[in-house]
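Now for the letters of each chain:
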Amino acid sequence: HLCGRALMELDRHAEAAPYLHAAVAADPALAEAHSDLALVMLKAGDHQAAERHCRQAVIIQPKAPRYRLHLAEILESTRCDREALDELLAAQEYAPERTDVLQELILKMDQLGLYSEALRVAERSFAELGETFETWFFLAYARYSTGDLQGAVAAGRRAIGFRKDVPGIYVTLGSALMALG
């Protein structure tokens with residue numbers, strides 16, 4: 001498995017595949033090998049095998065958010081957006097402190113037009129995680145998506161108070177300010 005992982009990190013996915021297949025055959029309960037093999041299969045364009053191995057990783061370790069994030073990525077690549085959303089919701093339930101999960105969840109909800117739901121997730125995360133750049137940023141983004149432009153501007157400004165080096169917050173804040181006129 002480690003040889004396959006090392007080859008993956010070198011972006012040599014085709015060479016990694018045999019090592020990862022062997023790891024899964026030797027230890028079918030190794031979630032990490034299933035997940036790595038899923039990512040290799042996704043790079044190779046074999047979405048069915050990628051989904052199968054990633055689902056196996058989730059079955060083995062259902063509370064590990066990284067496997068659910070990978071599965072959501074695979075499902076998105078095959079346009080299974082609702083299933084991807086379900087995996088992101090589960091990942092967020094098991095790891096509410098993971099801002100990478102929160103970001104993917106809010107973006108997926110926004111993509112599906114679930115603006116109010118995205119705002120509720122952002123507000124709940126803000127209440128649970130407190131004031132951080134990420135919570136303010138996601139709150140600004142979700143408020144903008146629901147049409148709360150004043151709220152988006154206020155949250156965006158608070159986010160910039162934490163970090164000034166993330167271009168995305170300027171896009172959200174600038175869009176809200178332009179919409180306000």
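Our subject is the structure that appears above.
To start, this report covers the structure provided alongside it.

Cut-offs used in this document
Residues numbered from 1 in each chain as written. Predicted model: local features only at pLDDT ≥ 70, side-chain atom pairs only at ≥ 80, totals over all residues. Heavy atoms only, no water. Salt bridge = Lys/Arg side-chain N within 4 Å of Asp/Glu carboxyl O. Helix = DSSP H or I, 4+ residues; strand = E, 2+ residues; numbered from the N terminus. Buried < 20%, exposed > 50% of the residue type's maximum accessible area, 1.4 Å probe, protein only. Contact = heavy atoms within 4.5 Å. 1 Å grid on protein atoms, 1.4 Å probe; cavity = no way out; pocket = protein on both sides within 12 Å on 5 of 7 lines; lining within 4 Å. Points joined across faces, edges and corners; volume = space filled by probe spheres on them. Nonpolar A, V, L, I, M, F, W, Y, C, P; charged D, E, K, R; others polar. Expected span 1.5 Å × (residues − 1).

A word on the pattern of salt bridges
Next up, step 1: Applying the stated rule across the entire model yields 11 salt bridges.
Next up, step 2: We note a salt bridge from Lys108 to Asp81, for which the minimum N-O separation is 2.8 Å. Placement of Lys108 in helix α7 (residues 99–111) and of Asp81 in helix α6 (residues 81–94) is noted, with a sequence separation of 27 residues between them. By the burial criterion, Lys108 is buried, and Asp81 matches it.
Next up, step 3: Two residues, Asp100 and Arg98, come together in a salt bridge whose shortest N-O distance is 2.7 Å.
Next up, step 4: With relative accessibility at 33%, the residue Asp100 sits in the partly exposed group.
Next up, step 5: The exposure class assigned to Arg98 is partly exposed, which follows from its relative accessible area of 27%.
Next up, step 6: Three or more residues are tied together by salt bridges with common partners; here these are Arg5, Glu32 and Asp36.

Describing the environment of Gly4
Next up, step 1: Assignment of secondary structure puts Gly4 in helix α1 (residues 2–9).
Next up, step 2: A relative accessible area of 0% places Gly4 in the buried class.
Next up, step 3: Distance in space between the C-alpha atoms of Gly4 and Ala16 is 4.2 Å, their sequence separation being 12 residues.
Next up, step 4: With residues near it in sequence (within four places) discarded, Gly4 still touches Ala16, Tyr19 and Leu20.

Focus: the layout of surface pockets
Next up, step 1: For the largest pocket, the calculated volume is near 160 Å³.
Next up, step 2: Partitioned by chemical class, the residues of the lining of the largest pocket number 7 nonpolar, 4 polar and no charged.

Concerning helix α3 (residues 31–44)
Next up, step 1: When the terminal C-alpha atoms of α3 are compared, their 20 Å separation across 14 residues agrees well with the 20 Å that a helix rising 1.5 Å per residue should span.
Next up, step 2: With respect to burial, α3 is a largely interior element, 11 of its 14 residues being buried.
Next up, step 3: All buried positions along α3 are accounted for by Ala31, Ala33, His34, Ser35, Asp36, Leu37, Ala38, Leu39, Val40, Met41 and Leu42.
Next up, step 4: Where α3 is buried, its residues contact α1, α2 (13–26), α4 (47–60) and α5 (65–77).
Next up, step 5: Gly45 sits one or two positions beyond α3 and adopts a positive phi of about 90°.

Regarding the environment of Ala17
Next up, step 1: By secondary structure assignment, the location of Ala17 is in helix α2.
Next up, step 2: When the C-alpha atoms of Ala17 and Leu71 are compared, they prove to be 18 Å apart, with 54 residues separating the residues in sequence.

Description of unusual backbone geometry
Next up, step 1: For Asp11, which is not glycine, the phi dihedral falls at a positive 65°.
Next up, step 2: By the element assignment, Asp11 lies in the loop between α1 and α2.
Next up, step 3: For Asp11, a relative accessible area of 56% gives the class exposed.

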